[in-house]
Amino acid sequence: LLKASGGEVLALGTPSRADRFIPPTLVRGPAPDSALMTEEIFGPLLPILRMDSLDAIVERINADEKPLALYIFGPEAAASEIIRRTSSGGVCVNDTIFQVANPDLPFGGVGGSGMGHYHGKFGFDEMSHV
């Protein structure tokens, strides 16, 4: 997955099969059609894309299936505009995984990433059809 991404891999540690450990890994500039960019990633991998304009960012996000999570790094005003013009399961601005780490916030996808939400009361309501 990493080698085929076409991006610069920046591992923040050493993987250990014995310890079942994969370090947080950044991938700068992966190919847009790589599996890293087209599949949902359930691991400590973070692709980093640099875009030239807000319109280019929105166009890139809206060109594919709705993401399970969207991580935006930049000014709050730009992030608000991106959120307004796109759809995803969850969003973090200038942070990562916070939307899933808080059990009091609903978590879930839209479209191909899944329907509904879970965690705490939200999960109870969703799964029990209350």
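Going by the structure above, here's the rest.
Here is what the cut-offs are and how they apply
- Residues numbered from 1 in each chain as written.
- Predicted model: local features only at pLDDT ≥ 70, side-chain atom pairs only at ≥ 80, totals over all residues.
- Heavy atoms only, no water.
- Pairing = 2+ DSSP bridges.
- Helix = DSSP H or I, 4+ residues; strand = E, 2+ residues; numbered from the N terminus.
- Axes fitted to C-alpha atoms, helices over the stretch in contact; angles between N-to-C directions.
- Core = buried A, V, L, I, M, F, W, Y, C linked by side-chain atoms within 4.5 Å.
- Buried < 20%, exposed > 50% of the residue type's maximum accessible area, 1.4 Å probe, protein only.
- Contact = heavy atoms within 4.5 Å.

A. Structural context of the sheet that holds strand 2 (residues 25–28). Read from one edge of the open sheet, 3 strands run 1-2-3, paired in mixed fashion. The open sheet terminates on both sides in strands that have one partner only, identified here as strand 1 (8–11) and strand 3 (45–48). Across this sheet, the average inter-strand angle for adjacent strands is 20 degrees, counted without regard to direction. Relative to strand 2, strand 1 is paired through 4 bridges, and the arrangement is antiparallel. Residue pairing in the sheet places Leu 10 in a bridge with Leu 26 of strand 2.

B. Spatial organisation of the nonpolar core. In terms of nonpolar packing, the biggest core is built from 6 residues, these being Val 58, Ile 61, Leu 70, Ile 72, Ala 79 and Ile 82. Contributing elements (two or more residues each) for this core: helix 2 (54–62), strand 4 (69–72) and helix 3 (76–85). Those residues in contact with Val 58 that sit more than four places away from it in its chain are Ile 82, Arg 85 and Thr 86.

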